[in-house]
Amino acid sequence: MSQLPRVTYSNIGVDFSPVHAHLDERLPRFEADILGQSWSSPFATGQAESIESPIAAGLSLGQFPVSTPADVDEAVAAARRGAKTWNVSSLEERLAFAQRWREVLAERKYELGLAALYEIGKSRMEAIGEAEECLDMVEYYASELKANNGYTRPMNELVANETARSVMKPYGVFAVIAPFNFPLALSIGMVSGALLTGNAVVYKPSPACALTGLLIAETLEEAGLPAGVFNIVLGGGDVGERLTRHEGVDGVAFTGSHKTGMSIFRHMATLPHMKPVIAEMGGKNPAYVTRNADLDRAAQGVGRSAFGLQGQKCSACSVVYVDNAVKDAFVEKLLAFSSSLVVGDPRKAETFMGPVYGQATVARYEAAVSDARRDGKVLTGGDTLGQGFDNNYVLPTVVELDAPGRLTREELFMPFVVVRGVDGLEAAIAEGNDVPYGLSAGIFTQDQAELQYFLDHAQAGVLYANRASGATTGAWPGAQPFCGWKGTGVSGKGGLGPWFLPQYLREQSHTIMTK
Ligand code: UN1
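Residues numbered from 1 in each chain as written. Predicted model: local features only at pLDDT ≥ 70, side-chain atom pairs only at ≥ 80, totals over all residues. Heavy atoms only, no water.

Participant: So what exactly am I meant to see when it comes to the domain arrangement of the chain here?
Facilitator: Interface size, as often reported, equals the accessible area lost upon joining of the parts. Per the domain assignment, the segments of the chain are domain 1 (23-281 + 492-513) and domain 2 (286-476). Spacing between the C-alpha centres of domain 1 and domain 2 amounts to 31 Å. Contact with domain 1, which involves 29 residues of that partner, is made by 25 residues of domain 2. For the pair domain 1 and domain 2, the summed buried surface comes to about 2,200 Å²; carbon and sulfur atoms form 59% of the total. Connecting domain 1 to domain 2 are two salt bridges. Among the ionic pairs, Lys313 bridges to Glu126, the shortest N-O distance being 3.0 Å. Residue assignment for the side of domain 1 that touches domain 2 shows that the elements contributing at least two residues are helix 1 (17-33), helix 4 (109-120) and helix 5 (124-147). For the side of domain 1 that touches domain 2, the element with the most residues is helix 5, which contributes six residues. Grouping the constituent residues of the side of domain 1 that touches domain 2 by class yields 15 nonpolar, five polar and nine charged. (Domains from an automatic or database assignment. Contact = heavy atoms within 4.5 Å. Buried area = accessible area lost by both parts, 1.4 Å probe. Salt bridge = Lys/Arg side-chain N within 4 Å of Asp/Glu carboxyl O. Helix = DSSP H or I, 4+ residues; strand = E, 2+ residues; numbered from the N terminus. Nonpolar A, V, L, I, M, F, W, Y, C, P; charged D, E, K, R; others polar.)

As structure tokens, then:
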């Protein structure tokens, strides 16, 4: 099994047939052994309910309890007890834990990936890629922690008989609130940030992601994390609100909507003292295709970024600004690429796009399509797959608009990309920047001056050039720091990069008189 090729988001063109053969064999076992169980969890004593997979009506992931208000209080109390020792754990202890955790994640990666496939309706490659990402995340963050000696620095000696150091200490207990779209990687990213820096955690997965949440909890237990250091609660916004507002919580790590993220900040501002909030809150990511672009590459990169995971990535490409001189040629290639993508049951090897997540997304999709029909042209898609699939299987959709508007500014989170014909890169980047978010952006050009203009002027934290695997998507731990600018983030420091861990720490200076 270990000789199977690793799936990342960007290694397109690799022969993954051994991975598919392995998954063909594992899928029925996963359905029989993991799906449909009745789960229990110490801090979820409320009524259990079935959670259904978006893959097919009636396909149950299992029975999952939710947390009561008292469960949330008890989980925070448990974390406070766990924090007593974990907050003062040694660097060596935390590095040893990270190594064990990575090993457990590696052993269970196909199981974890399949859980995400069933839970979210991810394609096989998106799901296994996500599980792989988790291993590299834990490894990369641990390597940063080690390389920075736990972020302890000797400081200047002002007088001969004193030594001074800067040390970074955990805040105590972090609440971690994760979204549905990367139930493994975004959960493990924030949880590893908190744990490796010595914080205890109370974690809440997205309401329908109890399965991956509980499996992550199992991996931490298997890795031997001391009791109380990690605690999971289950439920929706009410549970999240009680947790993030809990007086026993010292900081919040959040990935999700701008609205929810900002409500956490606004709450913190009402407290007697501010608590840290580490947040990533959406995106509206442009790609630029200039007259000097390789159009085949551009069509593939835009199509993969717009339609991978059904467009439900903060990093998804949702507007493409194409120079009018090459617009027709580019659009033809984008439509050809889009129609080559297989939409269908994500359990199947050939599927690129599974279902979208939930009826609310279907409704937003229908509204976006109707706006596009009113304000421009639907070039392909705009409909459900049909063929006996539920209405949450929608087609990759490309529309063209003559003017900027709601569809070029709001985050849509669906397989929907707007084409805007433009004259010149300067005008394109001005419009692409004129959005409330600033996560990622991509360019396709063979011209160095254009590339430099893009690098100098794009207002986003993650920039890519000429990337066929994804115009704006596919950031990987240790390779692409994932920093949200403007409405996407707040700290000016990203996940997956060198400045992530220090956000979970606060500085203390130690000055000791030696004589
Ligand atoms: C997300 O914000 O949707 O860069 C998660 C990418 C992935 C997705 C990040 N690492 O596309």
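Participant: Is there a simple way to think about the layout of surface pockets in this case?
Facilitator: Gaps between atoms show up when a probe of the same size as a water molecule is rolled over them. Here the largest pocket is characterised by a volume of approximately 910 Å³. Considering the residues around the largest pocket, the lining is formed by 35 residues, among which Phe254, Thr255, Gly256, Ser257 and Thr260 are closest to the centre. Going through the elements one at a time, helix 8 (237-244), strand 9 (251-255), helix 9 (258-268) and helix 12 (359-375) are the ones with two or more residues in the lining of the largest pocket. Per element, the largest residue contribution to the lining of the largest pocket is six residues, and it comes from helix 9. (1 Å grid on protein atoms, 1.4 Å probe; cavity = no way out; pocket = protein on both sides within 12 Å on 5 of 7 lines; lining within 4 Å. Points joined across faces, edges and corners; volume = space filled by probe spheres on them.)

Participant: How do you make sense of the packing of helix 1 against helix 5 when you look at a structure like this?
Facilitator: When two helices pack together, their arrangement is given by the angle between the helix axes and by the axis-to-axis distance. Where helix 1 meets helix 5, the closest approach of the two axes is 12 Å, and the angle between their N-to-C directions is 95°. Considering the angle they form, helix 1 stands roughly perpendicular to helix 5. In this structure, helix 1 contributes Val19, His20, Leu23, Asp24 and Leu27 to the contact, and helix 5 contributes Arg124, Met125 and Ile128. In terms of residue class, the contact of helix 1 with helix 5 is built from five nonpolar, one polar and two charged. (Axes fitted to C-alpha atoms, helices over the stretch in contact; angles between N-to-C directions. Parallel < 35°, antiparallel > 145°, perpendicular 65-115°, else oblique.)

Participant: Help me understand the state of the cysteines in this model?
Facilitator: Any covalent bond linking the sulfur atoms of two cysteines counts as a disulfide. The full count for this structure, using the stated rule, is zero disulfides. In this structure Cys317 is a free cysteine whose sulfur lies 14 Å from that of Cys314, the closest cysteine sulfur available. Residue Cys317 is classed as buried on the basis of its relative accessible area, which comes to 1%. The closest cysteine sulfur to the non-disulfide-bonded Cys483 is located on Cys314, 13 Å from its own sulfur. Looking at Cys483, the relative accessible area reads 10%, which means it is buried. (Disulfide = S-S within 2.5 Å. Buried < 20%, exposed > 50% of the residue type's maximum accessible area, 1.4 Å probe, protein only.)

Participant: What am I meant to see in the sheet that holds strand 5 (residues 162-170) here?
Facilitator: To summarise the sheet geometry, strands pair through backbone hydrogen bonds and adopt either a parallel or an antiparallel arrangement. In spatial order, the strands read 4-5-20; together these three strands make up an open sheet with antiparallel pairing. Edge positions in the sheet fall to strand 4 (153-154) and strand 20 (505-513), since each has one partner strand and no second. As judged from the nine bridges shared by strand 5 and strand 20, these two strands associate in the antiparallel manner. Residue Thr163 lies in a different strand from strand 20, and its bridge partner there is Ile512. (Pairing = 2+ DSSP bridges.)

Participant: When you look at the sheet that holds strand 10 (residues 277-280) in this model, what are you seeing that I'm missing?
Facilitator: Strand order in this open sheet of five strands is 8-7-6-9-10, and the pairing throughout is parallel. Lying at the two open borders of the sheet, with one neighbouring strand each, are strand 8 (230-232) and strand 10. Along the sheet, successive strands turn relative to each other by an average axial angle of 15°, direction set aside. As judged from the three bridges shared by strand 7 (residues 200-204) and strand 8, these two strands associate in the parallel manner. Counted as the bridge partner of Val201 is Phe230 from strand 8. Of the strands in this sheet, strand 6 (173-177), strand 7 and strand 8 are in contact with helix 2 (residues 69-86), which crosses strand 7 at around 150°.

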